[in-house]
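Descriptive analysis of the structure
Each chain is listed here by its residues.
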Amino acid sequence: MQAKSAAVDARDERQVLAVGADRDREGAVKAVDVNGVPVLFACVEGEVYAIRNRCGDSPLPLEFGSLTGSELRCSWHGCRYDVRSGRRVDGQVGSIQVF
């Protein structure tokens, strides 16, 4: 996994992968705190993706949402994101941070 933010850097890579979603469980998600940053790991097609565990600019976490394929649906707002890119896939403008 390659970090795209100073919040999760190369030193944390092993730690992050160790606590990330189980690669053998399709659709698994796991919320963790990495250096004070809320991160949500998601397993899609055997790959683990890491995104900021917040729906858009709100303080509400995505960890209670549902993951279908690569699409994560926020349980609070109904917003839908692609966990691979962080982009919204529900026709609205916006994205979430991907690590």
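Residues numbered from 1 in each chain as written. Predicted model: local features only at pLDDT ≥ 70, side-chain atom pairs only at ≥ 80, totals over all residues. Heavy atoms only, no water.

A few words on unusual backbone geometry. We note that Asn35 has phi near 55 degrees; this positive angle belongs to a residue other than glycine. Summarising the element assignment, Asn35 is placed in the loop between β1 (29–34) and β2 (37–44). On the basis of relative accessibility, which here comes to 55%, the residue Asn35 falls in the exposed class. (Helix = DSSP H or I, 4+ residues; strand = E, 2+ residues; numbered from the N terminus. Buried < 20%, exposed > 50% of the residue type's maximum accessible area, 1.4 Å probe, protein only.)

Bringing the environment of Arg84 into the picture now. Structurally, Arg84 is set in the segment after β6 (80–82). Along the primary structure Arg84 and Val44 are separated by 40 residues, whereas in three dimensions their C-alpha atoms are 8.5 Å apart. When residues no more than four places from it in sequence are discounted, the contact partners of Arg84 are Tyr49, Ser70 and Val98. Within the structure, the side chain of Arg84 is placed 3.0 Å from the side chain of Ser70, a separation counted as a polar contact. (Contact = heavy atoms within 4.5 Å. Polar contact = N/O pair within 3.5 Å; in protein donor to acceptor, adjacent residues only side chain to side chain.)

With that settled, consider the environment of Glu71. Within the secondary structure, Glu71 is located in strand β5 (residues 71–73). On the basis of relative accessible area, Glu71 is assigned to the partly exposed category, the value being 30%. For the pair Glu71 and Gly27, spaced 44 residues apart in sequence, the C-alpha separation works out to 9.7 Å. Beyond its immediate chain neighbours, meaning those up to four positions away, Glu71 contacts Ser66, Arg80, Tyr81 and Val89. One polar contact links Glu71 to Arg80, side chain to side chain, over a distance of 2.9 Å.

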